[in-house]
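Below, each chain spelled out in residue letters.
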There are 2 protein chains.
Amino acid sequence: MVNTLHGRNYEQTELGPRLKPCAPHDVLSRMGDKWTILTLLLLAIAPGHRLRFSAIKNGIEGITQRMLTVTLRHLERDGFLVRHYFPEVPPRVEYELTDMGSSLLPALEGFTGWIREHWPLIEEARRTFDEEHHRRAGGK
Amino acid sequence: MVNTLHGRNYEQTELGPRLKPCAPHDVLSRMGDKWTILTLLLLAIAPGHRLRFSAIKNGIEGITQRMLTVTLRHLERDGFLVRHYFPEVPPRVEYELTDMGSSLLPALEGFTGWIREHWPLIEEARRTFDEEHHRRAGGK
DNA sequence: CGGAATCCTTTCAGATACTG
DNA sequence: CAGTATCTGAAAGGATTCCG
């Protein structure tokens, strides 16, 4: 028998509930990668929710051309943005948030707010843990 | 000059805002990993927010002993749960959510709700994209 | 300008074996 | 029972080069 809990499938066994990895996980893992949210955020605050490639690259400290391309392709594939290609010389490409794309960040706000609130506690917990386990500097 | 936007630091340049990777990112990336949320969820629905190692292992389909240990250590380090060790033979270890740990999932609910709502659109966007780019089956 | 292709290094995760 | 240690293959991320 399969039930649903917090939107996740699980089966009830004689030992208790048993959870399965579920589909929406990969949206969350995408948001957890290094550049995705920064990219979305930059587009979200841009006029018209639209920027050209070099503007995005310029707006994110440390991102390489390759990683930006990869990130943009993922976002395009999932329908969070659309790519507008202008075959001029030199070529120009603009990326524009879709409606779904712009609705994502506000939905995430609640959680990022929680993180900001609790961040000091987390850092303190890490320091305590690292001391007790005699780790040398910033273990993972 | 450094400002804050959606809780993120950025500097204002003559070319526009420039975002930096920020600290809270690593909480999000932890939640995006394969087992963390499942582990938290299982503890959250357990009586007393408390389970022993083998019970958790049993409750998550496909997790290995090693990955559960790693996941639990991370969560412990960040202060989301505490480890109770009973030096019996055979040994017994129980993991218990902290208050911070139990407050995390509800905070995430808004976003997981958004994901569930939009999941069909995302899947459709992927199909369309993959067709247009003549990809064979489930590109990344 | 905006990539794609390639190479390389680091990290991650699964499998397996051993231990207090 | 609840780990740790070790190995391996896979994946992520950066650097560099080339191209329409």
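Residues numbered from 1 in each chain as written. Chains lettered and ligands numbered in written order. Predicted model: local features only at pLDDT ≥ 70, side-chain atom pairs only at ≥ 80, totals over all residues. Heavy atoms only, no water.

## A few points about the UniProt feature "domain: HTH hxlR-type" (unreviewed entry) in chain A
Then comes step 1: Residues annotated in UniProt with the feature "domain: HTH hxlR-type" (unreviewed entry) correspond here to residues 22-123 of chain A.
Then comes step 2: Here residues 22-123 of chain A is 60% helix and 15% strand, with 30 Å between the C-alpha atoms at its ends. (UniProt positions renumbered as here; feature names shortened; annotations may be inferred. Helix = DSSP H or I, 4+ residues; strand = E, 2+ residues; numbered from the N terminus.)

## A closer look at empty space enclosed by the protein
Then comes step 1: On inspection of all chains with the given rule, the structure shows five cavities of 30 Å³ or more.
Then comes step 2: In this model, the largest cavity occupies a volume close to 90 Å³.
Then comes step 3: Residue assignment for the lining of the largest cavity shows that the elements contributing at least two residues are helix H1 (25-31) of chain A together with helix H5 (99-132) of chain B.
Then comes step 4: The greatest single-element share of the lining of the largest cavity, amounting to three residues, is contributed by H5(B).
Then comes step 5: Its residues placed into classes, the lining of the largest cavity shows four nonpolar, four polar and two charged. (1 Å grid on protein atoms, 1.4 Å probe; cavity = no way out; pocket = protein on both sides within 12 Å on 5 of 7 lines; lining within 4 Å. Points joined across faces, edges and corners; volume = space filled by probe spheres on them. Nonpolar A, V, L, I, M, F, W, Y, C, P; charged D, E, K, R; others polar.)

## With respect to the relation of the copies chain B and chain A
Turning one copy of the chain about an axis and sliding it along that axis gives the other copy, so a rotation and a shift relate them.
Then comes step 1: Expressed as a screw transformation, the operator carrying chain B onto chain A has a rotation angle of 180 degrees and an axial translation of 0.0 Å, and the superposed copies differ by an RMSD of 0.1 Å. On the angle and the small slide along the axis, the relation comes out as a two-fold axis. Across chain B, the rotation axis passes nearest the C-alpha of B:Gly32, at a separation of 2.7 Å.
Then comes step 2: Both copies present the same face, since 100% of the interface residues in chain B are matched by interface residues at the equivalent positions in chain A. (Least-squares fit on C-alpha atoms with pLDDT ≥ 70 in both. Contact = heavy atoms within 4.5 Å.)

## Some points on the interface of chain B and chain A
Then comes step 1: The interface of chain B with chain A comprises 62 residues on the first partner and 62 residues on the second.
Then comes step 2: Approximately 6200 Å² of surface area, both sides summed, lies buried where chain B meets chain A, with 66% of it carried by carbon and sulfur atoms.
Then comes step 3: Joining chain B to chain A, the criterion identifies ten salt bridges.
Then comes step 4: Put simply, B:Arg77 and A:Asp130 hold a salt bridge, and the shortest N to O gap is 2.5 Å.
Then comes step 5: At the level of elements, strand E2 (8-13), strand E3 (16-19), helix H1 (25-31), helix H2 (36-44), helix H3 (53-59), helix H4 (65-77) and H5 of chain B are the ones that each hand at least two residues to the side of chain B that touches chain A.
Then comes step 6: Considered class by class, the residues forming the side of chain B that touches chain A number 30 nonpolar, 14 polar and 18 charged. (Buried area = accessible area lost by both parts, 1.4 Å probe. Salt bridge = Lys/Arg side-chain N within 4 Å of Asp/Glu carboxyl O.)

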